[in-house]
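# Architecture at a glance
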Amino acid sequence: KNEVEQSPQNLTAQEGEFITINCSYSVGISALHWLQQHPGGGIVSLFMLSSGKKKHGRLIATINIQEKHSSLHITASHPRDSAVYICAVRRTSYDKVIFGPGTSLSVIP
Amino acid sequence: DTEVTQTPKHLVMGMTNKKSLKCEQHMGHRAMYWYKQKAKKPPELMFVYSYEKLSINESVPSRFSPECPNSSLLNLHLHALQPEDSALYLCASSQATGANYGYTFGSGTRLTVV
């Protein structure tokens with residue numbers, strides 16, 4: 001079992017839909033990152049969370065430390081949101097980030 | 001300046017070539033990282049530098065040689081690579097290696113070994 005899992009693996013949505021991507025992890029962490037990667041491109045850091053909720057524009061990220069679960073929400077989705085979204089956790093005991101397998105999102109006009 | 005800049009963006013090299021990848025940041029970050037990412041896979045950690053000293057080497061083959069000449073610059077020297085080393089090489093930095101610091105990623109260098 002991977003230490004960081006994401007669901008769904010692939011997601012296709014119509015423009016304007018509300019989107020949720022889930023991340024669950026099995027290790028102790030000090031922080032969780034949500035990252036965005038466009039095809040062939042580098043990675044953009046969207047959020048770093050250690051508790052609660054953060055909002056930036058149409059993106060909202062939440063984390064429940066007790067349940068070891070985080071969600072990334074996209075409101076009013078747009079084709080430019082099409083990308084791979086990666087959940088990554090920073091372990092408490094080792095300076096290493098563990099990446100989830102990614103969720104490939106495609107938003108159709 | 002809030003960016004991590006990687007050069008070149010694309011590189012094609014033969015198996016007998018020697019080349020270098022460059023990563024630069026001017027945010028005062030004291031931790032810098034090299035990651036390797038194969039297609040449709042998550043990034044894999046290669047090296048961590050903390051205060052210009054190598055702190056983590058994830059058992060990377062010696063044909064990859066990192067160098068941190070100063071706090072703003074991180075190089076990855078490549079020699080005698082194999083075609084399976086073709087990948088996206090990502091650099092990242094953070095304020096320090098402590099657990100509470102976020103990462104800033106570069107756009108990557110897409111390497112093709114022929």
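If you're wondering where the values come from, they're calculated on a predicted model, not measured in any experiment. (Residues numbered from 1 in each chain as written. Chains lettered and ligands numbered in written order. Predicted model: local features only at pLDDT ≥ 70, side-chain atom pairs only at ≥ 80, totals over all residues. Heavy atoms only, no water.)

## A word on the overall build of chain A
Assigned secondary structure in chain A consists of 0 helices and 11 strands. The N-to-C order of helical and strand elements in chain A reads β-β-β-β-β-β-β-β-β-β-β. The C-alpha radius of gyration computed for chain A amounts to 13 Å, which stays within 12% of the reference 13 Å derived for 109 residues, consistent with globular compactness. Across its three principal directions, the C-alpha atoms of chain A cover 45 × 30 × 25 Å. Counting over 109 residues, chain A shows a buried share of 46%. Long-range contacts, defined here as pairs at least 24 residues apart, represent 54% of the contacts in chain A between residues at least 6 apart. Per element, the accessible surface of chain A, about 5,200 Å² overall, is 50% carbon and sulfur. Between the mean site of the 10 positive side-chain charges and the mean site of the 7 negative ones, chain A shows a separation of 7 Å. (Helix = DSSP H or I, 4+ residues; strand = E, 2+ residues; numbered from the N terminus. Rg over C-alpha atoms; globule rule 2.2 N^0.38 Å. Buried < 20%, exposed > 50% of the residue type's maximum accessible area, 1.4 Å probe, protein only. Contact = heavy atoms within 4.5 Å. Areas by Shrake-Rupley, 256 points an atom, 1.4 Å probe, with all protein chains shown as cover. Lys, Arg positive; Asp, Glu negative; His and termini not counted. Charge placed at Lys NZ, Arg CZ, Asp CG, Glu CD.)

## Here's the deal with the interface of chain A and chain B
The accessible area lost on association of the parts is a frequent measure of interface size. Chain A puts 19 residues into the contact, and the matching count from chain B is 24 residues. The contact between chain A and chain B buries some 1,600 Å² in all, and 55% of this surface belongs to carbon and sulfur atoms. Counting the contacts that link chain A with chain B gives 0 salt bridges. At the junction of chain A and chain B, the tally comes to 3 residue pairs in polar contact (both at pLDDT 80 or more). Mapped onto the side of chain A that touches chain B, the elements with two or more residues apiece are β4 (29-37), β5 (43-49) and β10 (97-99) of chain A. Residue composition of the side of chain A that touches chain B, grouped by class: 8 nonpolar, 8 polar and 3 charged. (Buried area = accessible area lost by both parts, 1.4 Å probe. Salt bridge = Lys/Arg side-chain N within 4 Å of Asp/Glu carboxyl O. Polar contact = N/O pair within 3.5 Å; in protein donor to acceptor, adjacent residues only side chain to side chain. Nonpolar A, V, L, I, M, F, W, Y, C, P; charged D, E, K, R; others polar.)

## Overview of unusual backbone geometry
For the bond running from Ser7 of chain A to Pro8 of chain A, omega is -5°, close enough to zero to count as cis. Its location among the elements puts Pro8 of chain A in the loop between β1 (4-7) and β2 (10-14). Positive phi is not limited to glycine here, since Lys68 of chain A has a value of about 55°. A relative accessible area of 31% places Lys68 of chain A in the partly exposed class. Of note in the backbone geometry, Ser59 of chain B takes a positive phi value of approximately 55° without being a glycine. Within the fold, Ser59 of chain B resides in the loop between β6 (53-57) and β7 (64-70).

## Things to note about the environment of Phe105 of chain B
Residue and element names in this part refer to chain B. Inspection of the secondary structure puts Phe105 in strand β10 (residues 104-105). Of the residues examined, Phe105 reaches a relative accessible area of 8% and is grouped as buried. Between the C-alpha atom of Phe105 and that of Leu90, which follows or precedes it by 15 residues, the distance is 7.0 Å.

## As for the sheet that holds strand β1 (residues 4-7) of chain B
Residues and elements named next belong to chain B. Pairing is antiparallel across the open sheet formed by 4 strands, whose spatial order is β1-β3-β8-β7. Unpaired on one side and paired on the other, β1 and β7 mark the two borders of the sheet. If you compare each strand with its neighbour and ignore which way they point, the axes differ by 20° on average. (Pairing = 2+ DSSP bridges. Axes fitted to C-alpha atoms, helices over the stretch in contact; angles between N-to-C directions.)

## Notes on the state of the cysteines
Residues and elements named next belong to chain B. The tally for this structure, following the rule as stated, stands at 2 disulfides over all chains. The side chain of Cys23 participates in a disulfide bridge whose partner is Cys91; the two sulfur atoms lie 1.9 Å from each other. Measuring handedness by torsion sign, the sulfur bridge of Cys23 and Cys91 sits at about -70° and is left-handed. One end of the pair, Cys23, is in strand β3 (residues 18-25); the other, Cys91, is in strand β9 (residues 87-94), and 68 residues separate them in sequence. Cys23 sits in the buried class, given a relative accessible area of 0%. When its relative accessible area of 0% is taken as the criterion, Cys91 is described as buried. Cys23 supplies the cysteine sulfur nearest to Cys68, a cysteine that is in no disulfide, at a spacing of 9.1 Å. For Cys68, a relative accessible area of 13% gives the class buried. (Disulfide = S-S within 2.5 Å.)

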